[in-house]
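For reference, the chains in residue letters:
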Amino acid sequence: MKVAVGSLNEVKLNAVSKALQEMGIDAIVIPVDVESGVHEIPLNDEIFEGARNRALSAKKRVPADLYIGLESGLVKMYGKTFMVSVAAVLKGESIHYGLSPGFEIPERWAVKIERDRSSFFEFMEEKGGRDLGKRGGLVSVLTSNVITRTEFCKLAVIMAVSKALNEKW
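Each value, and the rule that gives it
Residues numbered from 1 in each chain as written. Predicted model: local features only at pLDDT ≥ 70, side-chain atom pairs only at ≥ 80, totals over all residues. Heavy atoms only, no water. Helix = DSSP H or I, 4+ residues; strand = E, 2+ residues; numbered from the N terminus. Buried < 20%, exposed > 50% of the residue type's maximum accessible area, 1.4 Å probe, protein only. Contact = heavy atoms within 4.5 Å. Areas by Shrake-Rupley, 256 points an atom, 1.4 Å probe, with all protein chains shown as cover. Lys, Arg positive; Asp, Glu negative; His and termini not counted. Charge placed at Lys NZ, Arg CZ, Asp CG, Glu CD. Salt bridge = Lys/Arg side-chain N within 4 Å of Asp/Glu carboxyl O. Pairing = 2+ DSSP bridges.

Engineer: Outline the overall build of the chain, listing residues and values.
Structural biologist: Helices and strands together make up the secondary structure of the chain, namely six helices and six strands. When its helices and strands are written in sequence order, the chain yields β-α-β-α-β-β-β-β-α-α-α-α. Taking the principal axes of the C-alpha coordinates as reference, the chain spans close to 45 × 30 × 30 Å. Burial status across the chain gives 46% buried among its 169 residues. Once local pairs closer than 6 in sequence are excluded, the contacts in the chain between residues at least 24 apart make up 58%. A total accessible area of about 8,800 Å² is found for the chain, and carbon and sulfur atoms account for 51% of it. Distance from the positive charge centre (23 side chains) to the negative charge centre (22 side chains) of the chain: 1 Å.

What follows is the structure, given as structure tokens:
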């Protein structure tokens, strides 16, 4: 199976590869350089839009059996702000979504980020550098390396691919 992923980020590509491998799917993963079309720090529905846009843009670039877009961002739920990752899987004309677990952003930062999304990068700098998303991720820092960003994203991919390929669903 050929799987095009709308990203060149090694963390996202590894997450897709590991998810497919753990699901027993023999696949060739094809990285595709695309834009998400959403804010650099997407909020709420923008996370889904970014993941969808990545999958749809990948489809325009290369032939494949599945197209996957991954986007991470912030959601407000129950009065808290959480970081989540969303996977969008395009199979034929159908698109399916999966979510990672979420982790709570500390309140003092959540308030700042809500006012100005770019302050999220200050938060990243404080926790280990703006390029954390290309390494273990913020989730790795906040969980003391129990969960890496690869694992975080992998779970979203498994949820979306399960829906896309499971005829019993």
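After that view, the rundown keeps rolling.
Engineer: Pulling in residues and values, what's your account of the pattern of salt bridges?
Structural biologist: Tallied over the entire structure, the rule returns six salt bridges. Note that Glu114 is salt-bridged to Lys76, the shortest N-O span being 3.2 Å. Of the two residues, Glu114 sits in helix α3 (residues 107-115) while Lys76 sits in strand β3 (residues 66-77), which places them 38 residues apart along the sequence. Among the residues examined, Glu114 registers a relative accessible area of 53% and is labelled exposed. Of the residues examined, Lys76 reaches a relative accessible area of 40% and is grouped as partly exposed. Here Lys154 and Glu151 are joined by a salt bridge, their closest N and O atoms 2.9 Å apart. Separated by three residues within a single helix, Lys154 and Glu151 lie in helix α6 (residues 149-165), roughly one turn from each other. Taking the relative accessible area as the measure of exposure, Lys154 reaches 5% and is therefore buried.

Engineer: Explain the side chain of Ser7 to me, using residue names and the numbers behind them.
Structural biologist: Among the structural elements, Ser7 can be located in the loop between β1 (2-5) and α1 (10-22). In contact with Ser7, not counting residues within four places along its chain, are Lys12, Leu13, Pro31, Val32, Val34 and Arg54.

Engineer: Now, about the pairing of β1: what can you tell me, with residues and values included?
Structural biologist: The two faces of the sheet receive side chains in turn, since in a regular strand these alternate between them. Summarising the sheet, β1 and strand β2 (residues 28-31) pair through four bridges and their orientation is parallel. What sits directly across from Val5, in β2, is Pro31. Sheet topology places β1 next to β3; three bridges connect them, and they run parallel. Looking at the pairing, Val3 lines up with Leu66 of β3.

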